[in-house]
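What follows is each chain in one-letter form.
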Amino acid sequence: MPRPVRIGVQLQPQHAPEYQLLRDAVLRAEDLGVDIVFTWDHFYPLTGDPDGAHFECWTMLGAWAEQTERVEIGALVSGGGYRNPDLLADMARTVDHISRGRLILGIGGGWFERDYTEYGYDFGTAGSRLRLLGEYLARIRARIGKLNPAPTRHIPVLIGGGGERKTLRLVAEYADIWHSFADLDALRHKSRVLAGHAGDVGRDAEHIERSVPWPGAAEAQAFVDAGVTLFTVGTGGPGYDLSVVAEAVRWRDDRFPQALAGLA
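Residues numbered from 1 in each chain as written. Predicted model: local features only at pLDDT ≥ 70, side-chain atom pairs only at ≥ 80, totals over all residues. Heavy atoms only, no water.

Colleague: Got a sec to walk through helix H7 (residues 184-200)? Specific residues and values, please.
Modeller: With 17 residues, H7 should cover 24 Å at 1.5 Å per step; its first-to-last C-alpha distance of 25 Å lies within 8% of that length. All of the buried residues along H7 are Leu184, Leu187, Lys190, Ser191, Val193, Leu194, His197 and Ala198. Of the surrounding secondary structure, the elements contacted by the buried residues of H7 are helix H6 (167-174), strand E7 (177-179), strand E8 (209-213), helix H8 (217-225) and strand E9 (228-236). At the C-terminal side of H7, Gly202 shows a positive phi close to 80°. (Helix = DSSP H or I, 4+ residues; strand = E, 2+ residues; numbered from the N terminus. Expected span 1.5 Å × (residues − 1). Buried < 20%, exposed > 50% of the residue type's maximum accessible area, 1.4 Å probe, protein only. Contact = heavy atoms within 4.5 Å.)

In structure tokens form, the structure reads like this:
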């Protein structure tokens, strides 16, 4: 069965002085018909006032698991360098149970230096953060296998990034979903690189879902033709404007009226 084309929204937890604004945005997004509601895992705003209002990722995901009924939820993405991997696996398993099997475990190497330095973590280098991510992914997999009770399902792992030598190798070995910021030509190229890595580790690259930011209705079909089935729109506080999300949902429903939520 072909994998369905899905629409996600990333509700960026910045510049919302009251949590109720985020809670309302989650409700509106689910009612609108999105498939996945993401947040991000940073400790400070990435745009606007760098000291503006901001909320923490995983605490919110536990609340979203209780609040929502249908959508999958997750971080796009958690910073590997400031989340103990064994504890993160346990947190993910717990949110998986709270949500009755709707969590996506998004993780990446981390890149925003202030997240590390202000909270007392070693920022290191791009290379050291990727090496750590590889170690952490192995530990997450091992810890999930030991937890009691076990997760309600195989928790899909989403890895963000596009480094051809290291990141895509980790995607090939561990990911169910690969999130890329590449343009269309680069995405095609990196997909070929990913297929090579997947072959090296004994996986079929077609089993890894391709995910990108929403490129607009005029460009989206070309990305689908290149293998993308998950598009995500980002929006921040305090207003959490979902008008672009509504456009993406309408496009999905017009082009793929039989699409079902959830992984194929």
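Colleague: I'd like a description of the environment of Thr229, backed by residues and values.
Modeller: Secondary-structure assignment places Thr229 in strand E9. Placed 223 residues apart in sequence, Thr229 and Arg6 show a C-alpha to C-alpha distance of 6.0 Å. Side-chain polar atoms of Thr229 contact the side chain of Glu209, separated by 2.8 Å. (Polar contact = N/O pair within 3.5 Å; in protein donor to acceptor, adjacent residues only side chain to side chain.)

Colleague: Can you explain the side chain of Gln67? Please cite residues and give values.
Modeller: One can find Gln67 in helix H2 (residues 57-67). Given the relative accessible area of 17%, Gln67 is considered buried. In this structure the side chain of Gln67 is engaged in a polar contact, spanning 2.8 Å, whose partner is the backbone oxygen of Arg23. In this structure Gln67 touches Tyr19, Arg23, Val26 and Leu27, once residues within four positions along its chain are discounted.

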